[in-house]
Amino acid sequence: MRPSRREFLRGTLGLAVAGNIKSSGPWPFEHSANSGTNSSAIYGSGNLGTWIEDDFGLPAFRYTINQTTDARAITDVQPGVLGATEHVHQVGNDRITALASNYGHVRVRQDEGCPKLLNDFDPEMSQFGGGLGYLINGEELLSTHYDGSNREFERIFGVGYYRKKVGGKGCSVNQIISAPFGDDPVLISQVTIANHTGAAATMRWVEYWGCQPFQFSFRAAIEGMAGKPTQAEWRRDLGRRFGHQVTQIGAGRGLLESKHFNGRSAEEEAAWRRGKAALRADPNGFYSPVKDLRPGAEFESIDLPQTFLVSLDGAATGFSSNAGSFFGAGGAANPVGLKESLDGKLDQSGTHAGLLLERTVHLGPKESRTLSFLYGYLPEGFSLVSLIAKYERSATSVLDSSTSEWKGRGMRFDVPGDPWIKREATWNHYYLRSSLTYDDFFDEHILNQNGFYQYTMGFQGAARDPLQHCLPFLFSDPEIVTSILRYTLKEVRDDGSLPYGIVGHGVVAPMLSDNASDLPLWLLWTASEYVLATRDVDFLNQQIPALLSAKAGRKEKVSTLLERCYRHQVTNVGVGQHGVMRMLVDDWNDGLIYTWAHSAMKECIESSESVLNSAMAAWVFDQYARMLDYSGNRAELAQEVRASAEQHRSATRAQWNGKWFKRAWLGPTPGWIGDSTLWIEPQPWAILAGVTTDTQSRELLQTIDHLLRIGPLGAAQMSDGPDMRSVGGTNVGTLEFGAIWPSLNQTLVWAMARIDPAMAWDEWKKNTLACHAESYPDTWYGVWSGNDSYNSPLSKHPGSAANEPFFHGTDFPVLNVHAHACSLYSTSKLLGIEFTENGMKVRPGIPLEAYRFDSPLVGVEKSDRGYEGWYAPSRSGVWTVEITLDAAAAKAMSWVEVDGKRSPIQVQANGSIMVSSSSAPNKPLRWALS
């Protein structure tokens, strides 16, 4: 009898205490992983493993816990993508994303069509993900499936790869599954087999990749509203309804799999009708009625891409597509089909299909050999022949070249004496960029928020999130920023609004939040920041197709679409009775009105006002005006935008209650919230936009420090007050009831850096993965990746992800992009880096003796010599860099050097030092103070 998915992942199959073999790599940061405490660990490791430096000079995490026996591995999950003891690492490039499991298997995500896993983990159907391998050496069997029974099994989560090393009596296996740097839809599996005996040996290696899809279907979420079957069960049922045809590639080179859909059940069609009817019957629910779909849009994909498995460095000696027969009752731990060579049959795959290749390996005494396999899928524009030819040539070097690319790219931040900071910056860049996927409805790459929202809800959104995620790439990879901007610009509707999110293939998410009030602000911010940082004014003239317009085929310039978004914000969103920008259904806080105004929803939507929106608009409109000034020919519009900024500054200023800014007006019946309770959302924006006086700013930060910075992690979203206690119930300290949100705290760090750099530095560190791992060392998420929020100390489960009926965040509390993007972007704000129409500003005030911020666009370094930096936009020009130091630091500087020319420093009346010079492509403006 095959084990169920839940039994398998709870680790009831093999119960031996795991150990580790020593790695051959140059890892100078090793420590004993069996100490049981974090006292001797590398900082930020937690108790599930340790950070190391790998063979490539990059950070990696050695995962050491035996999740089949150690209770610390258990997470409270509902059945879905992850099991209760399953922890995953992300292996990806610009297109493919893979979930590498602590159990050894790898599932590949693919976003063309509808987002989905191509190879589900479903033991009942003999589907075990992929990337598993089996070495048969006489009577000895080594497997890269982890069941806890092999003491010599090592797992390394690396930059772009997953390494599994398994030792035996006379042989060993070192399997590395990697995503080649770039945009190819493939993974490479490299398997080094070693003979440790003094005699020659003939061994067999079997490589396995599964075929059953698992779509992150929003239709299934609607079908599962009744509770049984659940959305996860509907999604798995859909995957099981695909049949598979597997054919040979060449003369034993590999296998090619095609899927065909066998149709839906009457039960599912009835559940779909019931779900849509339920949405129509609940006008105040989180979801809205399903509308007719645009041409090409669909909730689920029926036409799925082909997948393939190829032996790159020699023909296979055996093959099969019948995973059901191969695994049998033994499952992934002990497949019954290993007793004999693969049967070479491809005609009995059905719904139990798998891609299985066998290689026979002859090894002399003490000899080793590396085998290479190529797994992937075939989206439009890719040729199997070309992919095979490319990786036949580069199979032995692709891992070295990929890690070299990762090592040389991105934003870096290095603080001597704190090596974990450089490690985390490097790791965050990898995790952020490897989260890219390709959406062929919008024909762009996208940085989905991921985490719970994609892997559980099946949701790409909100629209503000990818715009936040791409901001760090201003400094290193501007082409990624323009891809995210084009994706979002293609969503702009005829009235200038943006959809809240996308599900399936180009479907506007059926959610009440589709009437969100703040989304164009984020587009204006990111677009303005991009042009001012890179000086790429040509981007404003690009023609963008309006894919969600009622006018088919319409194209407009970027500049025109941005102005339409601005007009929508000031006209359609507009202001309410207090002159504050309206909130409509939501602003950043998309759970606010459902909680604090659920009994007065209609009134709230019609008359609510968001102090957050006005405070943010005051800064964003100013930045948009600066961009208009720089790009030229829009002086009248720039003047109008500045006037709007000032209106919102004044409206925000009026909501100061003597201690902080109120949060929102919900209408005559609910009234104001945020008067008796401090909400963090509008406070940083008010400081950044110049709403506050210097005295108010300092007093506000001290209040935030006292009321919100109450635990080992960053500031909480809300203070412990009536607004929280009146509705929070058992969820106090979670989600919008006062959780800790990196998305909010990145702007808090930015505001703090202007007023109190020491507090900013402390807040920045508190929002890092390392700090979470040190504070909650037995929690697996928050070490190498994390969630979009963590429970505050007011919660009964501090440091954890939210876990309540509607938002069961622990179901997938990892791979959320905010956990990586916000730390990177706020690093630049720690140093006061801001872009203006004339150049840039730098305020390097954090209280450190030395540090180095390094990126292709901007650099800032502090050392015992003084300060130095550079600015290298894509367009030639003359720029002014304004450097602001505190009084003591400025007094210690005597000389300024610009592009090699030295002169005495002249400090301006406002305390800043101005340097001006030119730059050109490959010739940065360089400055130094000494």
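Worth saying up front: this structure is predicted, and the values here are computed from it rather than measured. Once a new chain begins, its residue numbering starts again from 1 and follows that chain's sequence as written. Totals for whole chains, interfaces and linings use every residue, but because this is a predicted model, local features are given only for residues with pLDDT of at least 70 and side-chain atom pairs only at 80 or more, for both listing and counting. Side-chain descriptors were evaluated using all non-hydrogen atoms of the structure, hydrogens and water having been removed beforehand.

(A) Layout of the pairing of strand 35 (residues 839-842). By the convention used here, strands pair only if DSSP detects at least 2 bridges between them. Numbered from the N terminus, helices here are DSSP runs of H or I no shorter than four residues, and strands are runs of E no shorter than two. Bridging between strand 34 (residues 834-835) and strand 35 involves two bridges; their strand directions are antiparallel. Bridge assignment links phenylalanine 835 to a residue of strand 35, and that residue is methionine 840. When strand 35 meets strand 39 (residues 877-884), the two strands line up parallel, connected through four bridges. From the neighbouring strand, glycine 839 faces strand 39, where its bridge partner is threonine 880.

(B) Looking closely at the environment of aspartate 313. Considering the arrangement of structural elements, one finds aspartate 313 in the loop between strand 19 (307-311) and strand 20 (318-322). Placed 123 residues apart in sequence, aspartate 313 and leucine 436 show a C-alpha to C-alpha distance of 30 Å. The contact rule is simple, with two residues in contact once any of their heavy atoms fall within 4.5 Å. The contacts of aspartate 313, once residues within four sequence positions are left out, are Arg359, Arg369, Thr370, Leu371 and Ser372. Only 2.9 Å separates the side chain of aspartate 313 from the side chain of arginine 359, close enough to count as a polar contact. Under this definition, polar contacts are N or O atom pairs within 3.5 Å; protein pairs additionally need one hydrogen-donor-capable and one acceptor-capable atom, and for neighbouring residues in sequence, both atoms have to be side-chain atoms. In this structure the side chain of aspartate 313 is engaged in a polar contact, spanning 3.4 Å, whose partner is the backbone nitrogen of serine 372.

(C) A look at the packing of aromatic side chains. Aromatic contacts are taken between Phe, Tyr and Trp rings whose centres are within 6.5 Å, Trp giving its six-membered ring; a plane angle under 30 degrees counts as stacked, one over 60 as edge-to-face, and the others as tilted. Tallying each qualifying case throughout the model produces 58 aromatic pairs. Seen from their ring centres, phenylalanine 326 and phenylalanine 327 are 4.9 Å apart, and the 80° between their planes marks the pair as edge-to-face. For the pair shown, phenylalanine 326 and phenylalanine 327 are each scored as buried. A positively charged side chain is recorded as over a ring if its NZ (Lys) or CZ (Arg) lies within 6 Å of the ring centre. The angle to the ring normal must also be within 35 degrees. Above the plane of the ring of tryptophan 672 lies lysine 662, whose end atom (NZ or CZ) is 4.4 Å from the centre. Here the term buried applies to any residue with accessible area under 20% of the maximum for its type, exposed to any over 50%, and partly exposed to those in between, with areas from a 1.4 Å probe on protein chains only.

(D) Spatial organisation of the sheet that holds strand 17 (residues 242-249). Across the sheet, ten strands lie side by side as 1-2-11-12-13-14-22-19-18-17; this open sheet has antiparallel pairing. Of all the strands in the sheet, just strand 1 (49-53) and strand 17 have a single pairing partner and so form its edges. Averaged over neighbouring strand pairs, the angle between their axes works out to 20° when direction is ignored. For strand 11 (residues 153-158) and strand 12 (residues 161-167), the ladder comprises six bridges, and the chain directions are antiparallel. The partner of glycine 158 across the bridge, within strand 12, is tyrosine 161. Throughout, an axis means a line fitted to C-alpha atoms (over the contacting stretch in the case of helices), and angles, computed between N-to-C directions, take values from 0 to 180 degrees.

(E) Spatial organisation of helix 22 (residues 757-766). Residues of helix 22 that are buried: Met759, Ala760, Trp761, Glu763, Trp764 and Lys766. If you follow the buried residues of helix 22, they end up packed against strand 23 (412-414), helix 8 (419-433), helix 19 (694-707), helix 21 (742-755), helix 23 (769-775) and helix 24 (818-830).

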